[in-house]
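A look at the structure
One letter stands for each residue in the lines below.
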Amino acid sequence: MNICEKHLGKNLEAFCTSHDSLCCSSCVFEQHKACEKVLALDEASVGIKSSAVVHDVQRSILVVIDAYDKILQKPKENKETLAEKETSVKMAIANLKSKVNKHLDSLANSVSIIRDESLLKIEKNCQTILEKRDNLMTHKKNFDFLREHGSESKLFLLTETLKKELTVNDGSIQELLSNIKTQSITFSSLQSDLSAVASVCLEEEPLNIKHEIGILNRAQMVKSTTSLKKDAFIDLGFDEPTPLTGIEVTEDNRILLCYWLNQSVLILDKNGKFILKEDVDGDPYGISLIPHKFQAVISMPEAKKVYILNSSNLKYIRHFKTLNECYGIVVLDNNIYAGSSGVISVIKINGQYLRSISLLPNCSSIRYIYPMEDGNLFCTSLHNIFITSVDGAILSTNGYCDEPRGIAIDKNGHVYVADKTSHKVYRFNADGTKIDNVLHRTGQFESPQSLRFNRDHTKLYVGFVKSNFLGVFSCS
């Protein structure tokens with residue numbers, strides 16, 4: 001209890017009032033030398049029993065226990081709900097199965113009807129053809145006989161008659177050619193993707209339990225900062241510069257890239273080697289993974305739709321229309337948050353519209369959205385940066401950037417924002433206050449658009465507006 005967690009074997013013997021932190025002698029030397037007030041434990045603990053801190057801790061214990069009790073109630077409710085839903089879903093499946101079977105039985109019957117009707121028509125056409133052919137064969141015999149043995153006058157009369165007959169037959173043949181076609185009976189089904197007919201999934205929503213964090217850890221240690229060093233610029237091989245507007249990294253560190261205006265999505269391996277390119281039906285802008293499903297959602301603002309594909313092979317799964325042109329997109333708590341002009345739409349994975357989050361007055365299109373550790377959303381619009389809660393409360397706003405775009409968060413919780421006009425990447429604290437700029441215009445680094453760290457935060461990927469390169473920066 002009184003042993004330092006960072007320096008095993010060292011006793012806690014001091015308290016830093018600047019960081020609200022217990023310290024051992026090594027902590028004081030390494031991290032608190034510049035702090036104004038570091039007190040010995042005996043001095044810091046004077047009057048603790050009657051202090052407001054003890055009262056707040058006692059109250060916080062009760063609040064936390066109460067929160068646990070409320071959360072424990074939810075699994076009990078879930079068990080009852082799952083049992084009820086199991087019955088109702090099975091009934092719905094049985095009902096659909098009955099309708100599908102009736103439809104399939106109807107299709108089976110229609111096969112015989114189509115066959116019989118076609119056979120009758122074929123028989124009728126064959127009879128007509130045979131009659132015309134037999135009649136012409138009779139004329140041919142007479143014509144051949146008169147050529148060898150008949151008089152010229154009789155041959156002349158028959159020739160003139162046959163000229164008219166042949167003209168009529170030519171018309172008959174043209175009519176038959178247009179009416180008689182190669183026939184077959186085919187059957188089309190959704191056997192390649194039966195999930196398009198119906199599917200069953202577990203829907204999850206956040207608990208509607210409010211819990212206020214107590215006064216503990218009100219101050220924190222000063223966070224370390226990440227250093228960036230240019231690693232590589234990967235040539236992606238496009239004929240013309242194409243805006244790289246979306247970057248996502250899978251759990252195995254493969255890199256997904258959205259190329260706006262090129263209607264394509266790419267996969268690279270963790271070393272930047274090309275794996276696959278897939279053309280899509282629209283201009284992809286933003287991309288976000290659906291956790292635990294090997295699927296990704298992509299915003300297509302001009303088509304006003306969200307496109308869902310397999311994140312392993314980029315194959316199309318489904319899409320749904322949106323109310324507005326959506327650019328920024330992220331999946332959070334099994335819902336899609338899609339940014340448009342002054343609004344973030346909240347949509348279920350299946351495309352069901354839930355609600356809208358209204359943002360700043362006269363707010364332009366929300367270009368990028370990134371979820372933060374505290375559950376809030378860090379957003380960029382055409383000319384602003386702001387932080388909003390999922391309920392729409394604006395927690396912070398600033399205009400440090402000219403045209404802020406892509407967002408990424410490092411392992412220390414610092415937020416990185418690409419500014420395509422100033423050709424920089426800025427670093428911010430989690431509350432939206434600016435720290436510094438970490439990358440700036442040099443060489444191939446120009447007009448940054450999109451950002452993403454890999455899974456272990458050892459690399460930062462940067463996409464550009466007018467470049468065929470993916471920038472890779474090592475983090476330390």
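Since this is a predicted model, take the numbers as computed values, not measurements. (Residues numbered from 1 in each chain as written. Predicted model: local features only at pLDDT ≥ 70, side-chain atom pairs only at ≥ 80, totals over all residues. Heavy atoms only, no water.)

1. A closer look at the UniProt feature "repeat: NHL" (unreviewed entry) in the chain
Look at the UniProt record and you will see "repeat: NHL" (unreviewed entry) annotated at residues 404-431. Secondary structure content for residues 404-431 is 0% helix and 57% strand, while the C-alpha to C-alpha distance between its ends is 16 Å. (UniProt positions renumbered as here; feature names shortened; annotations may be inferred. Helix = DSSP H or I, 4+ residues; strand = E, 2+ residues; numbered from the N terminus.)

2. Describing unusual backbone geometry
Residues other than glycine seldom take positive phi values, yet Leu261 does so here, at roughly 70 degrees. Positionally, Leu261 belongs in the loop between strand S6 (255-259) and strand S7 (264-268). Phi at Leu314 is positive, roughly 65 degrees, even though this residue is not glycine. As for its position among the elements, Leu314 is in the loop between strand S11 (305-310) and strand S12 (316-321). For Leu314, a relative accessible area of 2% gives the class buried. (Buried < 20%, exposed > 50% of the residue type's maximum accessible area, 1.4 Å probe, protein only.)

3. Let's talk about the packing of aromatic side chains
Geometrically, a pair of aromatic rings is defined through the distance of the ring centres and the angle of the planes. Applying the stated criterion to the full structure yields 11 aromatic pairs. Residues Trp260 and Tyr285 carry aromatic rings whose centres are separated by 5.4 Å and whose planes lie at 85 degrees to one another, so their mutual orientation is edge-to-face. Taken together, the positions of Trp260 in the loop between S6 and S7 and Tyr285 in the loop between strand S8 (274-279) and strand S9 (287-290) put the pair 25 residues apart, joining distant regions of the chain. In this structure Trp260 comes out as buried when scored by relative accessible area, which is 18%. Judged by its relative accessible area of 2%, Tyr285 falls in the buried class. Between Tyr285 and Tyr368, the aromatic rings sit 5.6 Å apart at their centres with planes inclined by 40 degrees, giving tilted as the arrangement. Of this pair, Tyr285 sits in the loop between S8 and S9 while Tyr368 sits in strand S17 (residues 368-371); the two residues are 83 residues apart in sequence, bridging distant segments of the chain. (Phe/Tyr/Trp six-rings, centres within 6.5 Å; stacked < 30°, edge-to-face > 60°.)

4. A look at the UniProt feature "domain: B box-type" (unreviewed entry) in the chain
UniProt tags residues 1-41 as "domain: B box-type" (unreviewed entry). Helix and strand shares over residues 1-41 are 20% and 22% respectively, and the end C-alpha atoms of the span are 14 Å apart.

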